[in-house]
Amino acid sequence: MSLSETEDDGLSKGVFMTQTATLVASPRRSEAASRFREDIEGMRAIAVLFVVLWHAGVPFLGGGFIGVDVFFVISGFLMTAMLYRGLRDNGKINLLDFYARRIKRLLPASGLALVVILLASYLFLPASRLGAIALDALFAGLYVVNWRFSETSVDYLAQTDSASPVQHFWSLSVEEQFYIFWPIIVAALGYLVVRRYISAHKALLLALSVSVAASLAWSIYMTEIDPARAYFVTATRIWELGLGGVVAVSLVGVARIGRLVSAIFAWLGLAAILASGVVYTTEMSFPGWIALAPTVGAALLIAFSPQAGSLGPAPLLSRKALVWLGSISYSWYLWHWPVIVIGSQLITDGTRAATVPEGVALAALSILPAWLSLRFVENPLRRAQWTNVSLGNVYFLGLLITSLVVATSMILALTARHPEPYAASAIGAAAGIADGRDDKPVGAQTLGDDPNSSPNAMPVDQVEHINPAPAVANRVVQPHRRCHSNLDSSEFRVCELGVPGANTTVAIMGDSHAGQWVAPAIAVAKRNGWGVRAATKGACPLVDAELTTAEGADYVSCREWYESAMEWLTGVDAPDVLLLSHSNYKQFAAEGLASFEAGEIRTIDRIRDAGVSVALIRDTPYPGVNVAECVEANVESLRRCVLEKSEVLSRRDSVQPQVASQTGVPVIDLTDWICPGSTCPPVIGNTLVWRDSNHLSLQYALSLVDELERQLVPVVTGAG
């Protein structure tokens, strides 16, 4: 085996290598060969264990996601070491050869995984998820899925969706994008090196230092203002790979440091990685500056472990079990997440989340396809003679694999479109519920005036039909969609609905839980000659309180939207009555629920001082599991999707009753028409109750019009 082939075996897999050896450049300039680094295989093992166990739900690894950051540092180190040797020894980089090696090492495994994921999703996951999964896989196959996830991360509706089985490909996309542009930069530096304007060491160190500093600064800034996007985008992660590169070109200096000092630094590096995995949580804004702990820890471990020898962590990291696990880390990373996601669906049928033991068992099971992929796909193609004799053959292989993934994704996407026409008919059927054209009672109409004693409240296993079809329940377009602002938007827009030019106007404002009452309110308004004004924003209640995003950052756009809404409500266009409703913000009230409650009272007082009457709509019961997906998977055993009323009610907002008590505002409460008796059936009167884990389906919301009218009319007439 030639030196170049040996080097490529050790460096080609990037952060998740599957080969049995890790090769890095010797710090000595007189090197004749690369040497084996079992300790880096052990680092990979720890990193992949962190990620896999975190995905499995193991409670003591709240920061297991930092395993990806460790992988990034390792990848930057190994690839830069190889490029550095080429630049230093030859003054140039063979880009075509470099990219061919990346294709041969990475695409067969990832392509196989994506195709199998798509087929398994088609066979075992609810049809309602297939369209999104197909698009995710398409972007993953092109290694740009991190940008897709950066956009859907700020889409409030997407946040209620179940996890994508290809979500983990975001990190591979970041890595591949680095693989594309970094060798080009190194090749350009070769021009300066050949002409002796600068040494290879100085050229790379300067380029890396600038890249790391700029990317880290951007990461800190973006994590502060937009943590959802910052987690996925390439620019906020480049510094982590660059940090590994800095280590690769600095090993000569490290080699001069004594053994004891090196051991101290190496152990500190390992401690930083382990502590980050245990102490960090998803509530922290990440990556930003707190990503320095695991990444600098990884850099210290890589740099000082060889020099520390037996005094350092190398003997621990070089144990056979860890080395073997590190050798399959790339394959295991590819397979563990889809096995957990699809396996959980098969175990639970969407009726609940998988337990920790179930998650761990699925993660362990995923080692089997990982090993099979390595044994029968990756290694044979890597060693096949026809892939080593011609670059053209390798590029053709890459094109073939990518085309297969793209074609499979598009076929699944087209297949997933078949329920779409039903969505349009569902809207028409829902309109019939609201205006009385549907003679047969449906949904909440079947419960009568006393839902808790209604025989139609009893859960059943099967019904004649379900409207809307669970696969399309979340695709129905809300009537005020033009006036709903997403998570990253602070634009305040008001839709004028109901009866045009009406003397009485009723406004609905708040988050998406307020928004689900817009359609039934329009129906009531048309019956009574009212106008309706609607303005909503994702995860943003109309409350004078400081909120945070799911990532822990200040929810600035919500505050800006709130101020605009209050300006409108206290201005000349103010409505006669304002209906407020919102979800549970226990986790996102920056100063606690007491402050949130006080903020809602201040908001109500300010609005009433402007002459607007206020009423609260009690927050809807909160299932916590995707009811539409559960129904789709259990259409002949619906009772598997029945939830206990007490459990469901415990998840909804708890502030409204206290606010109503202190302010004296009326409360419209339709809880018993949503969860009659002691349970919350998924289907009532042939109508799907929830479209996801916490929002009513449009059809069921419209079936509540009669009861909503009964409670709302006195509020509006009393305001007059």
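Here the structure is shown first, and the text comes after it.
Counting restarts for each chain: residues are numbered from 1 in the order of the written sequence. Only residues with pLDDT of 70 or above have their local features reported here, since the model is predicted, and side-chain atom pairs are shown and tallied only from 80 upward, although totals for entire chains, interfaces and linings are computed over all residues. Computation of side-chain values covers all heavy atoms of the structure but excludes hydrogens and water.

Draft legend 1. The arrangement of the state of the cysteines in detail. For this text, the term disulfide refers to a pair of cysteine sulfurs within 2.5 Å. Summed over the entire model, instances satisfying the criterion amount to four disulfides. Between the sulfur atoms of C483 and its disulfide mate C495 the distance is 1.9 Å. Here the disulfide of C483 and C495 is right-handed, its torsion about the S-S bond being about 95 degrees. Of the two residues, C483 sits in the loop between α21 (420-435) and β3 (484-485) while C495 sits in strand β4 (residues 495-498), which places them 12 residues apart along the sequence. The numbering of helices and of strands both runs from the N terminus, where a helix is a DSSP run of H or I of at least 4 residues and a strand a run of E of at least 2.

Draft legend 2. Region of interest: the packing of aromatic side chains. Centres within 6.5 Å make a pair out of two Phe, Tyr or Trp rings, where for Trp the six-membered ring is used; the pair is then stacked when the planes are under 30 degrees apart, edge-to-face when over 60, and tilted otherwise. For the structure shown, the criterion picks out 18 aromatic pairs. A centroid spacing of 5.7 Å and a plane angle of 65 degrees characterise the contact between F492 and W561, whose relative ring orientation is edge-to-face. Highlighted residues: F492 in the loop between β3 and β4 and W561 in helix α24 (residues 556-569), separated in sequence by 69 residues. Burial classes: relative accessible area under 20% of the type maximum marks a residue as buried, over 50% as exposed, and values in between as partly exposed (1.4 Å probe, protein chains only). Assessed through its relative accessible area of 0%, W561 is described here as buried. Here, over-ring charges are defined by two tests on the NZ atom of lysine or the CZ atom of arginine: distance to the ring centre within 6 Å, and angle to the ring normal within 35 degrees. Lying across the ring of F98, R102 places its NZ or CZ 4.4 Å from the centre. Above the ring of F376, the side-chain terminus of R375 is found at 5.0 Å from the ring centroid.

Draft legend 3. Region of the structure containing the pattern of salt bridges. When a carboxyl oxygen of Asp or Glu lies within 4 Å of a side-chain nitrogen of Lys or Arg, that pair is called a salt bridge. This structure, assessed with the given rule, holds 26 salt bridges. With a shortest N-O distance of 2.4 Å, R640 and D349 are connected by a salt bridge. Of this pair, R640 sits in the loop between α26 (627-633) and β9 (643-644) while D349 sits in the loop between α17 (329-348) and α18 (356-365), and the two are 291 residues apart along the sequence. Across the pair D605 and R608 runs a salt bridge, and its minimum N-O distance is 3.6 Å. Of this pair, D605 and R608 both sit in helix α25 (residues 593-609), separated by three residues, roughly a single helical turn. Here the residues in one salt-bridge network are D544, E546, R559, E563 and R602, joined through shared partners.

Draft legend 4. Inspection of the nonpolar core at higher detail. Definition used in this section: a nonpolar core is a set of buried Ala, Val, Leu, Ile, Met, Phe, Trp, Tyr and Cys residues joined via side-chain atoms within 4.5 Å. With 115 residues, the main nonpolar core has M43, F169 and W182 as its most contacted residues. Here the element with the most residues in this core is helix α3 (residues 66-90); it accounts for 15 residues.

Draft legend 5. Spotlight on helix α2 (residues 38-55). Take the residue count of a helix, subtract one, and multiply by 1.5 Å to get its expected span. With 18 residues, α2 should cover 26 Å at 1.5 Å per step; its first-to-last C-alpha distance of 26 Å lies within 8% of that length. Burial analysis of α2 places 13 of its 18 residues in the buried class, the great majority of the element. The first or second residue beyond α2 is G57, which carries a positive phi of 95 degrees.

Draft legend 6. Just the packing of α25 against helix α28 (residues 656-663), in detail. Convention adopted: a line fitted to C-alpha atoms gives each axis, helices being fitted over their contacting stretch, and angles between N-to-C directions are expressed from 0 to 180 degrees. One can describe the packing of α25 onto α28 by two numbers: an axis separation of 10 Å at closest approach and a directional angle of 45 degrees. In terms of their interaxial angle, α25 and α28 are classed as oblique. You can see that α25 and α28 cross each other, and the crossing is right-handed. Where α25 abuts α28, its residues E597, E600, I601, I604 and R608 lie against Q658, V659, Q662 and T663. The classification used treats Ala, Val, Leu, Ile, Met, Phe, Trp, Tyr, Cys and Pro as nonpolar, Asp, Glu, Lys and Arg as charged, and all other residues, Gly among them, as polar. Each residue belonging to the contact of α25 with α28 can be placed in one class, and the counts come to three nonpolar, three polar and three charged. Working rule for angles: under 35 degrees goes down as roughly parallel, over 145 as roughly antiparallel, 65 to 115 as roughly perpendicular, anything else as oblique. A clockwise turn of the near helix away from the far one marks a right-handed crossing, whereas an anticlockwise turn of less than a right angle marks a left-handed crossing. Any two residues having at least one pair of non-hydrogen atoms within 4.5 Å are treated as being in contact.

Draft legend 7. The arrangement of the pairing of strand β5 (residues 505-510) in detail. Among the six residues of β5, six are classified as buried, and the element is accordingly described as predominantly covered. Burial of β5 is two-sided: the residues T505, A507 and M509 facing one way and the residues V506, I508 and G510 facing the other way are all buried. Should DSSP find at least two bridges between two strands, the strands are taken to pair. As judged from the five bridges shared by β5 and strand β7 (residues 577-581), these two strands associate in the parallel manner. Within the sheet, the bridge partner assigned to I508 lies in β7 and is L579.

Just distances and angles here, no functional claims.
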